[in-house]
Amino acid sequence: MRYFSTRGGDERLTFEETVLTGLAPNGGLYIPEHIPALPGDWETSWTKLSFTDLAVEVLSLYISPKEITREDLRALVEKSYSTFRHPDITPIKKLSDKTHVLELFHGPTFAFKDVALQLLGNLFEFFLARRNARKAAGEKPEKLTVVGATSGDTGSAAIYGLRNKANVSIFILHPKGRVSPIQEAQMTTVTDANVHNLAVNGTFDDCQDLVKSLFGDREFNAKHRLGAVNSINWARILAQTVYYFQSYFHLRAQLPAGAELQYVVPTGNFGDVLAGYYAKRMGLPMARLAVATNANDILARFWRSGAYEKVDTSALNGGAATAPAAGASDGKQAVGGVRETLSPAMDILVSSNFERLLWYLAYEDTAGSDQGAKVHAACATLDGWMQSMKSDGRVQVPVSVLELARRDFVAERISDDQTLSTIRDYFTSESAYVADPHTAVGLCAAKILSAQNPAPITQVVLSTAHPAKFSEAVTRALSSSPNFNFEHDVLPPEFKGLLEKERRVITVNAPEASLVKEIIESFAEREAASATGASSV
Ligand SMILES: *Cc1c(COP(=O)(O)O)cnc(C)c1O
C-alpha cells in the first residue's frame, strides 16, 4: 500500500514515509491509493477478537508486511495499548436501550487522543531505530524533534505518546498561566529527559505562531528534523478506525432486527469521524455517520448548504435560513474568529482533516472509468477548492457533491446551553452517567437525530474525554444536583495528588522564536554530548 497527496503530484510514499512526513510538501494530506476491502470472512473470523487482535487485522490492511511484519505490528500494538487502564481498551456502556457510549478515554491522559498517539509514538521509535540500525558506524543517527503548541488538551496526549521514546524529543509550548490547572499538571509532571514543556509568556495564538515560524525556518527545520503530531498524520486516523469495528462486534448481537447502528461523533478537526468513514467504506455496516459540532459549526453548515466557509456568510447577510436561534448567543464570539465554548477541544475555525473527505467526494463526482485519470482529476478539483479556501475563506461545492456527502453523513450543531442541559439530563436519568462536555455534544446530537429518523436506530456516541478533565463545565451543569459530588462521582484516583507532584517546565519570557530556538539548540547539544560520552553502552 502506498500513499499520495490529496493535492496531486507523482509522489507515492510508503507507510513509513507517510507517517514520518505528516503533511505533504504541496500542502495536501496523504491518503491511501485505495481503500482496502475487508476479507470475505471478516464478520465471522473477527467476531471474538480482542481490541489488539482486531487492531492488527485492520492496520495490516493498510501497512504492507514488507514494511512492518505481522509480528512487529503485533508487538507495536500491544505495547501501545498496554498503557490503557481498561481491559477492553475502549469499553462500551449502555445508557438506554437505544443509546450507548463508546468510552475512548481510558488511556494515560484520559482523552481519546491517547488511542492514536500511543501508537504514533511507538511507530516513530520503531522506524527511527530501524533506520539507525542500517547506518554505518560513526554515521549520525536520525532523530526527530517534535514541536507543538497546545491550549491544554492535545499537549498532554502528545507528551504521553512520546515520553521516553528513543531518538525522539518533544517540545510542547503552552501559554503560561492560561491552561487549566489539571491540564498544566498533566503535562509538566512528565519528567522524562526527552520531554520539554515550554511555558510561554503570551497567548495560545502566540504559541502557534512560534511553532509555525520554527517550521518555516528551513535551516533550523532540516538541522533538527522537526516533526508534528497533529491530527493530519495518517497513523492517527488509521488507529482510530479500530474502535468502530470493536464496538460493532460488541453491539451487533443486541441490535433489534432490521435496526441500524449509527455512530455519533463529537468532532472538531474531523479526524475521529473520518476514521469512521474509512470503516464504512471498508464495508462495516452502519447508518449515516453523525457529525456533532459545537458553536464552531463549519461542518454542520457545510451539510446544510454545501458551502465550506470560515465565516457564516448567510448570517452576515441576515439570512435566517441557516442561522439557528438556539445557538446564536453561545460562546464568546469574535467576528470571524474561533468561538470559545464549553467543549474547547472542538473549538476550530476550519477542520484540517475535512480535506480528505472532500477528496473522496471530488473523486466520486468525477465521471469516467479510468482510475488514474479520475485520481488526477479529483486532486485538481480538490486543489482548486483549497486554493479558494485560502484566498476567499470559502468554497461552494456543486449540488452533486453535497448529495454525495449527505449519503454518508448527517450533521448537527449543539450550543453550550444544550451541552449543559444534556450533562444534567444524563446524570439525573436512570443511567446516572456523568458525561464530559464533548461527549454531551454527541449525546445531544444523537437525541435530535434519533427523533428525526423515521426508522428505529441504535446509536453509539463516541465519548472523547473523561469528565474530570473538564471539571468546570461538568460542575457548572451539576452543581445544583443534590446528589452530585465531584470528588466522589468524577475524580479518578490518578488525578488526586497530581497538582502536588514534581514538575519540570521552562519559562519563555517573551513569545520570540529566537528564545525557543535557543532552548531546542541547547538540549540538542547536550544530548549529542552525552551520546558520544556513552557511545559504548
Ligand atoms: C481532539 C478532541 C475532539 C475532536 O476530535 P477531532 O478528531 O478533531 O474531531 C473531541 N473531544 C476531545 C476531548 C478531544 O480532545
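Values in this document were obtained by computation on a predicted structure and should not be read as measured data.

Structural notes on the overall build of the chain
Broken down by element type, the chain carries 21 helices and 15 strands. The C-alpha radius of gyration computed for the chain amounts to 23 Å, which stays within 12% of the reference 24 Å derived for 537 residues, consistent with globular compactness. When each of the 537 residues of the chain is scored for burial, the buried share is 56%. Counting contacts in the chain only where the partners sit at least 6 residues apart, residues at least 24 apart contribute 74% of the total. Accessible surface, the chain as shown: approximately 22500 Å² in total, 51% of it carbon and sulfur. Put simply, the chain has 54 plus and 61 minus side-chain charges, and the middle of one group is 1 Å from the middle of the other.

Regarding the site of the ligand
In the neighbourhood of the ligand, 13 residues make up the surrounding shell, with Lys 113, Thr 267, Gly 268, Asn 269 and Thr 464 lying closest. Gly 268 has a polar backbone atom sitting 3.0 Å from an oxygen atom of the ligand. Between Asn 269 and the ligand, the recorded distance is 2.8 Å, taken from a backbone N or O atom to an oxygen atom. Calculation on the ligand without its partners gives an accessible area of 390 Å², and the protein chains cover 97% of this total. Taken together, the residues of the shell around the ligand sort by class into five nonpolar, six polar and two charged.

Observations regarding the side chain of Asp 114
Position of Asp 114 relative to the elements: it lies in helix α5 (residues 113-133). Of the side chains with opposite charge, Arg 85 comes closest to the buried, unpaired Asp 114, at an N-O distance of 6.1 Å. Within the structure, Asp 114 has its side chain in polar contact with the backbone nitrogen of Phe 110 (distance 3.4 Å). Not counting chain neighbours up to four residues away, the residues in contact with Asp 114 comprise Phe 84, Gly 107, Pro 108, Thr 109 and Ala 157.

Describing unusual backbone geometry
A positive phi angle, near 65 degrees, is found at Ile 89, a position not held by glycine. Along the chain, the position of Ile 89 falls in the loop between α4 (70-81) and β3 (92-96). Its identity as a non-glycine residue notwithstanding, Phe 270 has a phi of 65 degrees, on the positive side. On the secondary structure map, Phe 270 appears in the loop between β9 (260-266) and α11 (271-282).

Some words on the pairing of strand β4 (residues 99-103)
By the criterion of burial, β4 is predominantly enclosed, with five of the five residues buried. Residues Thr 99, Val 101 and Glu 103 of β4 are buried on one face, and the alternating residues His 100 and Leu 102, pointing to the opposite face, are buried as well. Note: β3 against β4, four bridges, orientation antiparallel. Looking at β4, one finds that Lys 94 is bridged to His 100. Linking β3 to β4, which pair antiparallel, is a turn of two residues. In terms of strand pairing, β4 meets strand β14 (residues 457-463) through five bridges, oriented parallel.

A word on the UniProt feature "domain: Threonine synthase N-terminal" (unreviewed entry) in the chain
When the UniProt feature table is mapped to this numbering, "domain: Threonine synthase N-terminal" (unreviewed entry) covers residues 2-81. Counted over residues 2-81, helix gives 41% and strand 8%. Its end C-alpha atoms are 26 Å apart.

What about the UniProt feature "modified residue: N6-(pyridoxal phosphate)lysine" (unreviewed entry) in the chain?
As recorded in UniProt, the feature "modified residue: N6-(pyridoxal phosphate)lysine" (unreviewed entry) lies at Lys 113. Along the chain, Lys 113 falls in helix α5. Dropping the residues within four chain positions of it, Lys 113 is found in contact with Thr 154, Ala 157, Arg 236 and Ala 345.

Some words on the nonpolar core
In terms of nonpolar packing, the biggest core is built from 116 residues, with Phe 15, Tyr 263 and Trp 303 touching the most fellow members. Counting residues per element, this core draws most heavily on helix α10 (residues 234-252), at 12 residues. Every residue in contact with Tyr 263, bar those within four places of it in the chain, is listed here: Tyr 244, Ser 247, Tyr 248, Leu 284, Met 286, Arg 288, Leu 289, Ala 290, Val 460 and Leu 462. One finds Ile 182, Ile 423, Ala 477 and Phe 486 within the second-largest nonpolar core, a separate group that totals 20 residues.

Remarks on the packing of aromatic side chains
Applying the stated criterion to the full structure yields 35 aromatic pairs. Residues Trp 359 and Tyr 360 carry aromatic rings whose centres are separated by 5.3 Å and whose planes lie at 90 degrees to one another, so their mutual orientation is edge-to-face. We classify Trp 359 as buried; its relative accessible area is 4%. Exposure remark for Tyr 360: the relative accessible area of 5% places this residue in the buried category. Relative to Phe 484, the ring of Phe 427 has its centre 5.5 Å away and its plane inclined at 85 degrees; by these criteria the two rings are edge-to-face. Linking Phe 427 in helix α17 (residues 416-428) with Phe 484 in the loop between α19 (471-478) and α20 (486-489), this pair joins segments that are 57 residues apart in sequence. Over the ring of Phe 110 we find Arg 85, and its NZ or CZ is 3.6 Å from the ring centre.

A look at the sheet that holds β4
Spatially, β3-β4-β14-β9-β10-β13 is the arrangement adopted by the six strands of the open sheet, whose pairing is mixed. The sheet is open, and its two borders are formed by β3 and β13 (409-413), each paired with just one other strand. Averaged over all pairs of adjacent strands, the angle between their axes in this sheet comes to 25 degrees, without regard to strand direction. On top of the sheet, α11 reaches β9, β10 (289-293), β13 and β14; it is set at about 175 degrees to β10, its chief contact.

Overview of helix α7 (residues 181-188)
Summarising burial for α7: six of the eight residues are buried, a large majority. Taken residue by residue, α7 has Ile 182, Gln 183, Ala 185, Gln 186, Met 187 and Thr 188 as its buried positions. Buried residues along α7 sit against α6 (153-162), β6 (168-175) and β7 (195-200).

Examining the sheet that holds strand β5 (residues 144-149)
Read from one edge of the open sheet, five strands run β8-β5-β6-β7-β15, paired in parallel fashion. Pairing within the sheet leaves two strands with one partner each, and these edge strands are β8 (226-227) and β15 (506-508). The sheet contact formed by β6 and β7 spans six bridges and is parallel. Among the inter-strand pairings, His 174 is bridged to a residue of β7, identified as Ala 199.

Topic: the packing of helix α3 (residues 51-60) against α10
The contact between α3 and α10 brings their axes to 9 Å, and the two run at 125 degrees. By the angle class used here, α3 and α10 are oblique. Viewed along their axes, α3 and α10 form a crossing whose handedness is right-handed. Residues Phe 51, Leu 54, Ala 55, Val 58 and Leu 59 of α3 form the contact with α10, whose own contacting residues are Leu 238, Thr 241, Val 242, Tyr 243, Phe 245, Gln 246 and Phe 249. Per-class residue counts for the contact of α3 with α10 are 10 nonpolar, two polar and no charged.

What counts and how
Residues numbered from 1 in each chain as written. Predicted model: local features only at pLDDT ≥ 70, side-chain atom pairs only at ≥ 80, totals over all residues. Heavy atoms only, no water. Helix = DSSP H or I, 4+ residues; strand = E, 2+ residues; numbered from the N terminus. Rg over C-alpha atoms; globule rule 2.2 N^0.38 Å. Buried < 20%, exposed > 50% of the residue type's maximum accessible area, 1.4 Å probe, protein only. Contact = heavy atoms within 4.5 Å. Areas by Shrake-Rupley, 256 points an atom, 1.4 Å probe, with all protein chains shown as cover. Lys, Arg positive; Asp, Glu negative; His and termini not counted. Charge placed at Lys NZ, Arg CZ, Asp CG, Glu CD. Near = heavy atom within 4 Å. Polar contact = N/O pair within 3.5 Å; in protein donor to acceptor, adjacent residues only side chain to side chain. Nonpolar A, V, L, I, M, F, W, Y, C, P; charged D, E, K, R; others polar. Salt bridge = Lys/Arg side-chain N within 4 Å of Asp/Glu carboxyl O. Pairing = 2+ DSSP bridges. UniProt positions renumbered as here; feature names shortened; annotations may be inferred. Core = buried A, V, L, I, M, F, W, Y, C linked by side-chain atoms within 4.5 Å. Phe/Tyr/Trp six-rings, centres within 6.5 Å; stacked < 30°, edge-to-face > 60°. Lys NZ or Arg CZ within 6 Å of the ring centre and 35° of its normal. Axes fitted to C-alpha atoms, helices over the stretch in contact; angles between N-to-C directions. Parallel < 35°, antiparallel > 145°, perpendicular 65-115°, else oblique. Left-handed = near helix turned anticlockwise from the far one by under 90°.

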